[in-house]
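Observations on chain architecture
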Amino acid sequence: MIDLLIQATGETLLMVAISTLAGILFGLPLGVFLFTTDKNGLYQNKTLNLIVGFIVNAVRSIPYIILVVAIIPLTRLIAGTSIGTLAASVPLSIAAIMLYCRMVEEAIRQTPQGLIEAAQSMGASRKQIITKILIPESLPQLISNLTLVIISLIGFSAMAGAVGGGGLGDVGIRYGYQRYNLMVIAQVVVILILLVQIIQTSGDWITKRLRK
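Since the structure is predicted, the reported quantities are computational estimates derived from the model, not experimental observations.

A few words on the pattern of salt bridges. Summed over all chains, the structure comprises five salt bridges. Ionic pairing is found between E105 and R102, a salt bridge with its closest N-O pair at 2.6 Å. With E105 and R102 both in helix 5 (residues 85–109) and three residues apart, this pair spans about one turn of that helix. Neither E105 nor R102 differs from the other in exposure class; each is buried. For E106, the salt bridge is made with R109, and the minimal N-O distance between the two is 3.9 Å. Remark: R109 and E106 occur in helix 5; sequence separation between them is three residues, near one turn of the helix. One salt-bridge network, in which partners are shared between bridges, spans D38, R102, E105, E106 and R109.

Moving on, we come to the nonpolar core. The biggest cluster of nonpolar side chains holds 53 residues, and the ones touching the most others in it are Y64, Y100, L134, V149, L168, V171 and V188. Broken down by secondary-structure element, the contributors of at least two residues to this core are helix 1 (2–36), helix 2 (46–60), helix 3 (64–70), helix 5, helix 6 (113–121), helix 7 (126–160), helix 8 (167–177) and helix 9 (182–211). If one sorts the elements of this core by residue count, helix 5 sits on top with 15 residues. Residues within four places of V149 in sequence aside, it is in contact with A96, L99, Y100 and M103.

Our next topic: the packing of helix 1 against helix 8. Packing of helix 1 against helix 8 brings their axes to within 6 Å, and their N-to-C directions diverge by 140 degrees. Considering their axes alone, helix 1 and helix 8 lie oblique with respect to each other. On helix 8, the residues that touch L4, L5, A8, T9, E11, T12 and M15 of helix 1 are G167, L168, V171 and Y175. Residue classes in the contact of helix 1 with helix 8 are distributed as seven nonpolar, three polar and one charged.

A contiguous nonpolar patch, built from I62, I65, I66, V69, M159 and V163 and spanning about 430 Å² of accessible area, is present on the exposed surface. The greatest single-element share of the nonpolar patch, amounting to three residues, is contributed by helix 3.

Here the protein chain shows a mean pLDDT of 88. Residues at 70 or above account for 100%. Taken element by element, the predicted model of the protein chain shows its lowest mean pLDDT in helix 8 (80) and its highest in helix 2 (92).

Another aspect to go through is the side chain of S138. Mapped onto the fold, S138 is located in helix 7. Using a relative accessible area of 3% as the deciding quantity, one classes S138 as buried. Once residues within four sequence positions are removed from consideration, S138 is found in contact with A107, I108 and T111.

Once that is clear, we can look at helix 5. Over its 25 residues, helix 5 runs 35 Å from end to end, which matches the ideal 36 Å to within 8%, given 1.5 Å per residue. Where helix 5 bends most, the angle comes to about 25 degrees, and this point is P91. Most of helix 5 is tucked away, with 22 of its 25 residues classed as buried.

Cut-offs applied
Residues numbered from 1 in each chain as written. Predicted model: local features only at pLDDT ≥ 70, side-chain atom pairs only at ≥ 80, totals over all residues. Heavy atoms only, no water. Salt bridge = Lys/Arg side-chain N within 4 Å of Asp/Glu carboxyl O. Helix = DSSP H or I, 4+ residues; strand = E, 2+ residues; numbered from the N terminus. Buried < 20%, exposed > 50% of the residue type's maximum accessible area, 1.4 Å probe, protein only. Core = buried A, V, L, I, M, F, W, Y, C linked by side-chain atoms within 4.5 Å. Contact = heavy atoms within 4.5 Å. Axes fitted to C-alpha atoms, helices over the stretch in contact; angles between N-to-C directions. Parallel < 35°, antiparallel > 145°, perpendicular 65-115°, else oblique. Nonpolar A, V, L, I, M, F, W, Y, C, P; charged D, E, K, R; others polar. Patch = residues over 30% accessible without salt bridge, like charges linked within 9 Å, V, L, I, M, F, W, Y side chains within 5 Å. Areas by Shrake-Rupley, 256 points an atom, 1.4 Å probe, with all protein chains shown as cover. pLDDT = per-residue confidence, 0-100. Expected span 1.5 Å × (residues − 1). Bend = angle between axes of the 7 residues up to and from the residue.

Structure (structure tokens):
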């Protein structure tokens, strides 16, 4: 069982790592897009903002366990299968992107308008304002929000075990719940708690360092 728990922990970490990377690579620019195309934004475009915002909100409103089942064809297209760790990473990545992009938008929205106006008055381009002001000024909050996203992904990855996603959730269901073994369930819960504590502590430390 120890070997099984170690393997399951590795699978959970792999799923979370893949989805976190996807959240950063796609969620960050998507969040910037939503902010800059909003009213009074650098690239104001009400139509595009409403369309993209609607899609993001629609996907975010779908419970994760339903999302996993709903996009099985897409999962098979990308991963070649609908079960296993890599397959579970597909819906997990989509959840990470949609969740993080809204957090990015809100974090950037807290940037003082005076900084943006000052940069514009000095002739800074819109690209420079985004890369030199908006993102750097929002970085502590972006890291803090990313920490919350990772913690949510750990919980989502456990739910993925219910549909053959592997990881700690799969071990908890197959060897704990289905076999009425409370010890296995307790061990899975303890590992998940430890992972969350490590992520939260690390995220808080990095955020504090950046704010200094």
